[in-house]
Amino acid sequence: QVQLVESGGGLAQPGGSLRLSCAASGFSFANYVMSWYRQAPGKERELVADITGNGGSTNYADSVKGRFTISRDNAKNTVTLQSNSLKPEDTAVYYCKASRLLGLKTIVYWGQGTQVTVSS
């Protein structure tokens, strides 16, 4: 059974930090691109960052470049989002996503999400 379980969300002050983690099970983790998305109230879900299967390449939304860092540990089947210099506009539910292209089909798994609130 595929599972993606996020943790580490919560309340942070502006300028603070949070470390989000996603624990994966039930699929061949190292073969999947792992991503973090977020969705703020009334807004569409947006890509925050992603990382290739071997961790060799990362990609970030312009809004988080220089503040957030995505990493993965294929031995532990985890992906982490280190979020620094948090801003109120970072407030959202953060989701972990696993995806891979298999032939002509894209396989996608999503986690349940973890709430991040940035407020003084």
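Everything that follows concerns the structure shown earlier in this document.
The following paragraphs examine the structure supplied in this document. (Residues numbered from 1 in each chain as written. Predicted model: local features only at pLDDT ≥ 70, side-chain atom pairs only at ≥ 80, totals over all residues. Heavy atoms only, no water.)

1. As for the state of the cysteines
The full count for this structure, using the stated rule, is 1 disulfide. Across the disulfide from Cys 22 sits Cys 96; the S-S distance is 2.1 Å. Judged by the sign of its S-S torsion, about -80°, the bond between Cys 22 and Cys 96 is left-handed. Here Cys 22, found in strand S3 (residues 18-25), pairs with Cys 96, found in strand S9 (residues 92-102); they are 74 residues apart in sequence, far enough to count as distant. (Disulfide = S-S within 2.5 Å. Helix = DSSP H or I, 4+ residues; strand = E, 2+ residues; numbered from the N terminus.)

2. Things to note about the pairing of strand S11 (residues 114-118)
Across the two faces of S11 the burial differs, with Thr 114, Val 116 and Val 118 buried and Gln 115 and Thr 117 not buried at all. The sheet contact formed by strand S2 (residues 10-12) and S11 spans 3 bridges and is parallel. Bridge pairing in S11 places Ala 12 opposite Val 118. Here S9 runs beside S11; their pairing, made up of 3 bridges, is antiparallel. Within S11, the position partnered with Val 93 by the bridge is Gln 115. (Buried < 20%, exposed > 50% of the residue type's maximum accessible area, 1.4 Å probe, protein only. Pairing = 2+ DSSP bridges.)

3. Quick word on the side chain of Thr 80
Within the secondary structure, Thr 80 is located in strand S8 (residues 78-83). Classification of Thr 80 by relative accessible area gives buried; the value is 9%. Not counting residues within four places of it along the chain, the set of residues in contact with Thr 80 comprises Arg 19, Leu 20, Ser 21, Trp 36, Thr 69, Ile 70 and Ser 71. (Contact = heavy atoms within 4.5 Å.)

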